[in-house]
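This is what each chain is made of:
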Amino acid sequence: MALIVQKYGGTSVGTPEKIEAVAEKITRMHGEGHQLVVVVSAMSGETNRLLELSAAVHEQPSAREMDVLLSTGEQVTIALLSMALQKRAVEARSYTGQQVHILTNNVHGKARIQKIEADRVQKDLAQGRVVVIAGFQGVDSEGNITTLGRGGSDTTAVAMAAALKADECQIYTDVDGVYTTDPRIVPEAHRLDRITVEEMLEMSSLGTKVLQIRSVEFAGKYKVPLRVLSAFEEGPGTLITYEEKEMEQAQISGIAFNRDEAKLTILGVPDQPGVAFNILGAIADAEVNVDMIVQNVGEDGTTNFTFTVHRSDFKQAQTILQKLARELKAREVSGDDKIVKISVVGVGMRSHAGVASTMFKALADEGINIQMISTSEIKVSVVVDEKYLELGVRALHAAFELDQAVEK
Ligand code: ADP
Ligand code: ASP
Ligand code: MG
């Protein structure tokens, strides 16, 4: 008998029929004697529908009311799934994030879980009940409803698993595991049996949506046994591991990409101490996150400074930079919000030289111009024009021979 926390994503509970199928699966596992806590997302499309509704009523709705609105999606699915379980004579109880006391900070829209009081859940489990919890939501110290950011149900599940010291956290979704890259873009992508937590952290932070980054952070911090699986088919899925792979390493394990990128350049800034601080300080004060940064070698006493931001922050960052350019007597500001970032990730990079050159050659062979580059110990990222996203990812997948199923 094991204590298992399961999470079913939006597509897995997207219709009444799918909810029934999930209920069947839970009923079977409960019948085998497992203790089950089930976290669910809103039905697929529902969170976006709620976002559209709010946009129709107010251009800039308050973050507090947005969370009240968005959290309703998950409340629908917990009730429906519990009903479907009860129909199968399984004693089930649904709880919102507030009811299970998932305590968060007060940053609406991207709140962080600070504490989970799991007593109530434990009592239910002890009585043989299946506990069904709304993902993506919590409550702050003043009782306001908060949400955890898109994809946040993953984090609810992993945090619940950590709080309950569960034997395993199973993330059920519409693919049967973590792939070498998004199988929707590269049909030859293959499922990884295992991926190290470090690699998964990079993949998530570089745009791979299969696990929300914060869920992977939680998993790493508390060493939560974590697996990504298909909600519809049986299979081993992908296990997140906490030790280096002993077997021979592939150069890279996966390719991540992010479409939500934009870049800004301030040209002809007087090259003197404090330039980077002046520019990025003003951007940071506006709570805009900066990702890649490049400062060119100065010439004639001036330099060019380029950085990337989330596409939704582009306009705001541009306005700040234009004002700054006047103050700093810079020549001009240019920007491009039609760029994407493609990254290759793998702990194998530590022991293989030449990953970057293989990457650059593969892109050059396709005539893809690289606009920016950044590297870290286990990843290389490039910024390219968004029209090259699919081509670039496919070329890299082939260049690193990821389409040849290798045992990981
Ligand atoms: P859920 O609704 O279950 O939370 P998500 O849409 O958040 O599901 O995540 C699953 C999706 O992530 C898949 O349908 C797939 O298209 C996408 N994806 C992107 N990169 C990968 C990858 N490397 N491996 C698996 N899935 C990926
Ligand atoms: N429903 C939320 C979203 O669409 C949370 C989740 O699915 O994990 O982002
Ligand atoms: Mg998701």
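First, a word on what this report is: a plain description of the structure on this page.

Cut-offs and rules
Residues numbered from 1 in each chain as written. Chains lettered and ligands numbered in written order. Predicted model: local features only at pLDDT ≥ 70, side-chain atom pairs only at ≥ 80, totals over all residues. Heavy atoms only, no water. Helix = DSSP H or I, 4+ residues; strand = E, 2+ residues; numbered from the N terminus. Buried < 20%, exposed > 50% of the residue type's maximum accessible area, 1.4 Å probe, protein only. Near = heavy atom within 4 Å. Polar contact = N/O pair within 3.5 Å; in protein donor to acceptor, adjacent residues only side chain to side chain. Areas by Shrake-Rupley, 256 points an atom, 1.4 Å probe, with all protein chains shown as cover. Nonpolar A, V, L, I, M, F, W, Y, C, P; charged D, E, K, R; others polar. Pairing = 2+ DSSP bridges. Axes fitted to C-alpha atoms, helices over the stretch in contact; angles between N-to-C directions. Parallel < 35°, antiparallel > 145°, perpendicular 65-115°, else oblique. Left-handed = near helix turned anticlockwise from the far one by under 90°. Contact = heavy atoms within 4.5 Å.

Topic: unusual backbone geometry
A negative phi angle characterises most non-glycine residues, just as the trans form characterises most peptide bonds.
Okay, so step 1: Non-glycine residue His101 carries a positive phi angle of around 60°.
Okay, so step 2: Relative to the assigned elements, His101 resides in the loop between β3 (92-95) and β4 (102-104).
Okay, so step 3: Residue classification places His101 among the partly exposed positions, given a relative accessible area of 35%.
Okay, so step 4: Of note, the phi angle at Asp300 is positive, near 50°, even though the residue is not glycine.

A look at the site of ligand 2
Okay, so step 1: In the vicinity of ligand 2, the contacting residues are Ser41, Thr47, Glu74, Phe136, Arg150, Gly151, Gly152 and Ser153.
Okay, so step 2: Within the backbone of Ser153, a nitrogen or oxygen atom sits 3.0 Å from an oxygen atom of ligand 2.
Okay, so step 3: Contact with the protein chains removes 86% of the 260 Å² of surface that ligand 2 exposes when unbound.
Okay, so step 4: When its residues are assigned to classes, the shell around ligand 2 shows one nonpolar, five polar and two charged.

Some thoughts on the sheet that holds strand β11 (residues 226-230)
Okay, so step 1: What the eight strands build is an open sheet, ordered β3-β6-β2-β1-β9-β11-β12-β10; its pairing is mixed. This sheet does not close on itself; its edge strands, each paired only once, are β3 and β10 (194-196). The average undirected angle you get between the axes of adjacent strands in this sheet is 20°.
Okay, so step 2: Of the pairings in the sheet, the one linking strand β1 (residues 3-8) to strand β9 (residues 168-173) comprises five bridges and is parallel in character. If you follow Tyr8 over to β9, its bridge partner there is Tyr172.

Quick word on the packing of helix α7 (residues 197-205) against helix α8 (residues 213-222)
Okay, so step 1: It is the contact of α7 with α8, at a shortest axis distance of 9 Å, that shows an interaxial angle of 160°. One finds that α7 runs roughly antiparallel with respect to α8. For the crossing formed where α7 meets α8, the hand is left-handed. Contacts between α7 and α8 pair Val197, Met200, Leu201, Ser204 and Ser205 from the former with Ile213, Val216, Glu217 and Gly220 from the latter.
Okay, so step 2: Class assignment of the residues belonging to the contact of α7 with α8 gives a composition of five nonpolar, three polar and one charged.

Considering the site of ligand 1
Okay, so step 1: For ligand 1, the set of nearby residues contains 15 residues, the closest of which are Thr173, Asp174, Tyr179, Asp182 and Arg184.
Okay, so step 2: One nitrogen or oxygen atom from the side chain of Lys7 is found 3.0 Å from an oxygen atom belonging to ligand 1.
Okay, so step 3: A distance of 2.8 Å separates a nitrogen atom of ligand 1 from a polar atom in the backbone of Tyr179.
Okay, so step 4: A total of 580 Å² of accessible area belongs to ligand 1 in isolation, and the protein chains cover 85% of it.
Okay, so step 5: The residue makeup of the shell around ligand 1, split by class, is four nonpolar, six polar and five charged.

The analysis is restricted to geometry; functional conclusions fall outside its scope.
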